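# Descriptive analysis of the structure
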Amino acid sequence: MSEIIDVFEEMKRLLHGNGVSDEEILAAETELGLSFSDEYREYLKHYGIAAYRGYELTGITKSPRLNVVAVTKAEKEKNPDIPGNYYVIECTNIEEVVVWQSSEGKIYCSSPNLPAEELCESLSQYISK
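What counts, and where the lines are drawn
- Residues numbered from 1 in each chain as written.
- Predicted model: local features only at pLDDT ≥ 70, side-chain atom pairs only at ≥ 80, totals over all residues.
- Heavy atoms only, no water.
- Helix = DSSP H or I, 4+ residues; strand = E, 2+ residues; numbered from the N terminus.
- Rg over C-alpha atoms; globule rule 2.2 N^0.38 Å.
- Buried < 20%, exposed > 50% of the residue type's maximum accessible area, 1.4 Å probe, protein only.
- Arc of directions from axis to C-beta.
- Contact = heavy atoms within 4.5 Å.
- Pairing = 2+ DSSP bridges.
- Axes fitted to C-alpha atoms, helices over the stretch in contact; angles between N-to-C directions.

### Things to note about the overall build of the protein
A count of helices and strands for the protein gives five helices and seven strands. When its helices and strands are written in sequence order, the protein yields α-β-α-α-β-β-α-β-β-β-β-α. Relative to the globule expectation of 14 Å for 129 residues, the C-alpha radius of gyration of the protein, 13 Å, shows essentially globular dimensions. Dimensions along the principal axes, computed over C-alpha positions, put the protein at roughly 35 × 30 × 25 Å.

### Some details on helix 2 (residues 22-32)
If you check which residues of helix 2 are buried, you get Ile-25, Ala-28, Glu-29 and Leu-32. Around the axis of helix 2, the buried residues are gathered within 100° of arc, so they sit on the same side. For helix 2, exposure combined with an orientation more than 90 degrees from the buried face picks out Glu-23, Leu-26 and Thr-30. Next to the buried residues of helix 2 lie helix 3 (38-46), helix 4 (68-78) and strand 4 (86-91). A positive backbone phi angle near 70° is found at Gly-33, which sits one or two residues after helix 2.

### Quick word on the sheet that holds strand 4
Taken in spatial order, the four strands of this open sheet run 4-5-6-7, and their pairing is antiparallel. Every other strand in the sheet has two partners, leaving strand 4 and strand 7 (117-120) as the edge strands with one partner each. Put simply, the sheet's adjacent strands are angled 40° from each other on average, direction ignored. Strand direction decides the pairing type here: strand 4 and strand 5 (residues 98-102), joined by five bridges, are antiparallel. Within strand 5, the residue paired with Val-88 across the bridge is Trp-100.

### Regarding the pairing of strand 6 (residues 107-110)
Neither face of strand 6 is open: one carries Ile-107 and Cys-109, the other Tyr-108 and Ser-110, and all of them are buried. Relative to strand 6, strand 5 is paired through four bridges, and the arrangement is antiparallel. Within strand 6, the position partnered with Gln-101 by the bridge is Ile-107. As consecutive antiparallel partners, strand 5 and strand 6 are separated by four residues, and within that stretch Gly-105 has a phi angle of approximately 110°, a positive value.

### With respect to the sheet that holds strand 1 (residues 15-16)
Read from one edge of the open sheet, three strands run 1-2-3, paired in antiparallel fashion. In the strand order of this sheet, the two ends are held by strand 1 and strand 3 (55-57), each with one partner. Taken together, the three bridges between strand 2 (residues 50-52) and strand 3 define a ladder with antiparallel strand orientation. Looking across to strand 3, one finds that Tyr-52 is bridged to Tyr-55.

### Comments concerning unusual backbone geometry
Even without a glycine there, the phi angle at Arg-53 is positive, about 40°. By the element assignment, Arg-53 lies in the loop between strand 2 and strand 3. Notably, Glu-96 is not glycine yet its phi reads approximately 60°, a positive angle. Along the chain, the position of Glu-96 falls in the loop between strand 4 and strand 5.

Here it is, written out as structure tokens:
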């Protein structure tokens, strides 16, 4: 298994979906005009969406509140300075902090009207915190 799936599999009380197809992932990437990192693609294929220890990650789902496409579009409208290859992996609901992943895989956080700051190297690192 991949590192991201190994990290998720070690979690207790992990809630997740059933995974999505390559076609659904490509459609989401096309709608956003970017490519997901390999790690995020693996997460989507395996789970589609996941929640753990009070965190809710975006994914490909019918719920607009957690759908990566809907959430990314909404958050980029609020903060137009976010680079084009970033997509939302989590809205923390704390002081409007948003957690992003770049197509290259690094994790960033931002607050309204502030530039994104690097948090860690990968989604695996982020969820291992």
